[in-house]
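Remarks on the overall topology
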Amino acid sequence: MSENPVTPICKPSPAQPECRQTDLPWKSPKSSHEDPKAPELIAAIMRSPNYRQADEDVDFLDRDEIRGIRLQLDYTKAETLFQEHGISHSIVVFGSTRVPEPVAARRKVEDLQAASERDPGNADLAQRLAIARRVLDKSRYYDIAREFGRLVGEAEHKVGDHMAIVTGGGPGMMEAANRGAADVGARTVGLNITLPHEQYPNPYITPDLCFRFHYFGLRKLHFVMRARALVVFPGGYGTLDELFETLTLIQTRKIDPVPVILVGEDYWRKVFDPDFLVAEGVIDPEDRDLFWYAETATEIWDDILRWYELAGKPLTE
């Protein structure tokens, strides 16, 4: 019995991942030869904002009903970048955006002094001059914050580059801390936020580590998630907001206790009176001990190291 020869099967090569030998029908729009109205009808569709791909449609992403997705994006982008850069610990620094370096503060006083001398009866100028002098007095904290940033930056290299200065990314005290870390070649982080009035980051943040948030809540979360200490220089509403929120989180043990250091006891004693709060029974004596005061960069850094030694924990893990 003879066998029929088997015809070999021609097996195809893998398809090209991007190219085709024959165009698909939708590769070209419908021709005006087929319908004179077709080009304009297609153009109208292409112009419609609803034709935009969802992740490229900013107007859609800004809608109220998409808030949940925006919240997730706000969290995830920063979290991903922190992880990619290997930053697992932070020293968070807050303080006024209105207190510049001493040279700039002194120049402002001199300009207002000259203007006031030309118009001695101008009460508004006199008030602005008085405030400028108070700002000049506080500008010494710029140098302290810058020196503290240097100390943290130098320590970052010693602990394996897992720790970094983190600020709100603005000018003033936060700029000084970022600047100090940058002075010694350390990475430094800024968490900016989109505001109705444009906010520019200070120039001393590592470019790949300057994040801009849509929501204050997610920005606050990223401040405390990695915080190994909170260092608070003289400041206003925004500084007080971050200070009291962090103290509340520690008070309620929503987060593990960390050192909270207020720089400039004279200033902070005038801003709020914790002993009065204890006496009034609205906080407990132990809550008063959740923070303390310091005056110099070295004192701040030594206090942080001492706190971790007493707690029996490493500054970084």
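Figured I'd write up the structure that's included with this text.

Cut-off values and rules
Residues numbered from 1 in each chain as written. Predicted model: local features only at pLDDT ≥ 70, side-chain atom pairs only at ≥ 80, totals over all residues. Heavy atoms only, no water. Buried < 20%, exposed > 50% of the residue type's maximum accessible area, 1.4 Å probe, protein only. Helix = DSSP H or I, 4+ residues; strand = E, 2+ residues; numbered from the N terminus. Pairing = 2+ DSSP bridges. Salt bridge = Lys/Arg side-chain N within 4 Å of Asp/Glu carboxyl O.

Some details on the pairing of strand E4 (residues 210-213)
- Only one face of E4 is covered, namely the face carrying Phe-211 and Phe-213; the face carrying Cys-210 and Arg-212 is uncovered.
- In this sheet, E4 lies alongside strand E3 (residues 188-193) in parallel orientation, the contact comprising four bridges. The partner of Leu-191 across the bridge, within E4, is Phe-211.

Considering the pattern of salt bridges
- Evaluation of the coordinates by the stated rule reveals 22 salt bridges.
- The salt bridge involving Asp-183 is made with Arg-150; its shortest N-O contact spans 3.3 Å. Of this pair, Asp-183 sits in helix H7 (residues 173-183) while Arg-150 is found in helix H6 (residues 140-158), placing the two residues 33 residues apart along the sequence.
- The class of Asp-183 is partly exposed, set by a relative accessible area of 36%.
- With a closest N to O distance of 3.1 Å, Lys-220 and Glu-245 form a salt bridge. Taken as a pair, Lys-220 in helix H8 (residues 216-225) and Glu-245 in helix H9 (residues 237-251) lie far apart in primary sequence, 25 residues in all.
- A single network of salt bridges, built from pairs that share partners, joins Arg-146, Glu-147, Arg-150 and Asp-183.

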